Amino acid sequence: MTSRTTAHPTGHKTGHTSGRVRVAVVGAGGWGRQHARIFAGRNDTELVGVLGRSPERTAARAQEYDTTPYTDLDQLLEAAKPDLVSVCLPNEDHFEVTLRLLRAGTNLLVEKPLVFDLDEADRLLAAAADSGSFFAINFNHRYAEPFLRAKAAVDAGELGRLTFLTWRFGGEANRGRSPHANLIETQCHGFDLLEHLGGPIESVTAQMGNATYGAYSTVAIALTFTSGAVGTLLGSYDSSYAYPGTQQVEVNGTRGRVVVDDTVRRFTFSRAGDETRTVWEAGYFNDEARSFHATFDRHVDEVLAAFREGAPPPVPAAAGRRALQLAQAAISSYESGRRVQTPEPTPGD
């Protein structure tokens, strides 16, 4: 196998012109297993190593996917020589390892959230610009079949002018050190999807509840879009993923409405004034489209295509910074009791 990394006009490095892409996974936890599964199972990639903090757990994960375990990052880079590193660490431990990898000139696909601090996000993006690294983030909700259909309907003008958008997502708590773990770690998907479908958010007004375990486990945010549409985001760690309707997204326009149920379960399109509806649900043999984990596989398809071509990532890491920026605006709104204007997104968000 031969590979090369060369400067590219887009500001990052081309990955491969031929052969399998050598991928290492940093993180041996539950979602890291999905990263390992994907890159070990594709014909166009080779899983060349798994890095973790626990030697026993890392060895077990590596054995599961027939690769080499590592507990030292420098040793992984030197011995495995990955073309691309996929990073899946605990939510509040992303910064230091990601910065080391970028300073080493490594091409990266990272899990959300990017980080919990805007200054850290800026340092990561600056390091990627300096090294020319390919730097993608896994906002995999975009690749669920219902959201692909929703985006296509919006872009085709089938909804007319958008008037309001709603995101609701709640389940059991994923507790962390930050009192805003729910908002930053989980609802980052909501900020990303709402802007993906409705365009830039220009202001937020937030309410937060901390009744159950001390953190701000439930948030309700009113949104204004630059288009003139308004919206809401309701996110909770005081609910359950066992409930039907755990996630629902609704996009309304002057000509029609789209509703997405539970990310991958159902897409419904209605035209204004028409009591009939068009519904998509995965068919009997279409297990792939009803699998939440398969949304990551779909994203990886596009990540690898862009990497091979030397093109920008389909979802750049700057989108992670943008979601964090919106979350920080919501925190400022709650703390001040006022509506907060959000900065305009920068190119690449």
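What counts as what
Residues numbered from 1 in each chain as written. Predicted model: local features only at pLDDT ≥ 70, side-chain atom pairs only at ≥ 80, totals over all residues. Heavy atoms only, no water. Buried < 20%, exposed > 50% of the residue type's maximum accessible area, 1.4 Å probe, protein only. Helix = DSSP H or I, 4+ residues; strand = E, 2+ residues; numbered from the N terminus. Arc of directions from axis to C-beta. Contact = heavy atoms within 4.5 Å. Polar contact = N/O pair within 3.5 Å; in protein donor to acceptor, adjacent residues only side chain to side chain. UniProt positions renumbered as here; feature names shortened; annotations may be inferred. Pairing = 2+ DSSP bridges.

We now examine helix α3 (residues 73-80). What α3 keeps buried is the set L73, L76 and A80. Taken end-on, α3 shows its buried residues confined to a sector of 65°, consistent with a single buried face. Looking at the buried residues of α3, the elements they touch are β1 (21-26), β2 (45-51), β3 (69-70) and α4 (95-103). Near the N-terminus of α3, the side chain that reaches the backbone nitrogen of D74, with its oxygen 3.2 Å away, is that of D72. K81 sits one or two positions beyond α3 and adopts a positive phi of about 50°.

Within the fold, T67 resides in the loop between α2 (55-64) and β3. Residue classification places T67 among the buried residues on the basis of a relative accessible area of 14%. At a separation of 2.9 Å, a polar atom in the side chain of T67 contacts the main-chain carbonyl oxygen of L47. A polar atom in the side chain of T67 sits 3.0 Å from the backbone nitrogen of G49. In this structure, T67 is in contact with L47, V48, G49, V50 and A62, ignoring residues within four places of it in sequence.

Looking now at the UniProt feature "domain: GFO/IDH/MocA-like oxidoreductase" (unreviewed entry) in the protein chain. The positions UniProt marks with the feature "domain: GFO/IDH/MocA-like oxidoreductase" (unreviewed entry) are residues 147-258. Secondary structure content for residues 147-258 is 23% helix and 38% strand, and the end C-alpha separation is 10 Å.

Here the focus is the sheet that holds strand β7 (residues 162-170). Whether parallel or antiparallel, the strands of a sheet pair through hydrogen bonds between backbone atoms. Across the sheet, which stays open at both edges, the nine strands sit in the order β14-β13-β12-β11-β7-β10-β9-β8-β15 with mixed pairing between neighbours. Looking at strand neighbours, the two that pair on one side only are β14 (277-280) and β15 (340-341), the edges of this open sheet. Relative to strand β11 (residues 247-253), β7 is paired through seven bridges, and the arrangement is antiparallel. Across the sheet, residue L162 finds its bridge partner in β11, namely G253.

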